[in-house]
Amino acid sequence: MLVLILCTHNSARSQMGEGWLRYHASALGLKLDIVSAGTAATRVQPEAVQVMAELGIDLTLQTSKALSDLPRPLEFDAVITVSATAAEHAPEFPPHTVRRHYPFEDPSGGTLDRWGELRRQINVQMQQVAQALATGQALPPSRTHAEPLSMVKAG
């Protein structure tokens, strides 16, 4: 299964989502091909690298990519958007592609505590995605807006 995590700049939220989904898929023995991209590319933010490294997830080799930079930009089995801009500007995907929208607040300019809380939120969401895929269930339903950080709960 080929999964895309799509954000605005592929600099933080989608990078963290890719890292967490890889982690949870591996823990569950899932064979997933996971990539992240943005509607435009910039750079991976150092705060994202730092807070993920605190929990042993290495993003140092990740690079920011635009969707158009990917070799098969429309051939995904599942597309997860993690920002409103990405959801609004994503191209049409084939009918078989499962789309979900899990928006997260942009942490740019925030404290490391804010980045850590975003890490926690994305972890919970990607764990739920991996668990659904491992059990053959539908992915968790999309959300319409970025919920307050305290509202994204485990299980």
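Placed above this text is the structure.
So, here is what we can say about the structure in this document. Position numbers for residues start from 1 in each chain and track the written sequence from start to end. The predicted origin of the model limits local features to residues at a pLDDT of at least 70 and limits the giving and counting of side-chain atom pairs to 80 or more, whereas totals for whole chains, interfaces and linings rest on all residues. Water and hydrogen atoms play no part in the side-chain values, which are based on all heavy atoms of the structure.

Take the packing of helix α1 (residues 13–27) against helix α2 (residues 46–53) next. Across the interface, α1 lies against α2 with an axial gap of 10 Å and an inter-helix angle of 25°. Judged by the inter-axis angle, α1 sits roughly parallel to α2. Classified by chirality, the crossing of α2 by α1 is right-handed. The segment α1 lies against α2, with M16, G19 and W20 engaging A48, V51 and M52. Ten residue types, Ala, Val, Leu, Ile, Met, Phe, Trp, Tyr, Cys and Pro, are classed as nonpolar, four, Asp, Glu, Lys and Arg, as charged, and the remainder, Gly among them, as polar. Classifying every residue of the contact of α1 with α2 gives five nonpolar, one polar and no charged. Axes here refer to lines fitted to C-alpha atoms; in helices the fit is confined to the stretch in contact. Angles between the N-to-C directions go from 0 to 180 degrees. Where helices and strands are cited, they refer to DSSP runs of H or I of at least four residues and of E of at least two residues respectively, numbered from the N terminus. For classification purposes, an angle smaller than 35 degrees is called roughly parallel, one larger than 145 roughly antiparallel, one from 65 to 115 roughly perpendicular, and anything else oblique. Crossings are assigned a handedness: left-handed for a near helix turned anticlockwise from the far helix by less than a right angle, right-handed for a clockwise turn. Any two residues whose heavy atoms approach within 4.5 Å are treated as being in contact.

Further remarks concern the packing of α1 against helix α4 (residues 112–135). Packing of α1 against α4 brings their axes to within 8 Å, and their N-to-C directions diverge by 45°. Considering the angle they form, α1 stands oblique to α4. The handedness of the crossing between α1 and α4 comes out as right-handed. Where α1 approaches α4, its residues R13, M16, G17, W20, L21, H24 and A25 are matched on the opposing element by W115, L118, R119, I122, N123, M126, Q127, V129 and A130. The residue inventory of the contact of α1 with α4, partitioned by class, reads ten nonpolar, four polar and two charged.

These values are about where atoms sit, not about what they do.
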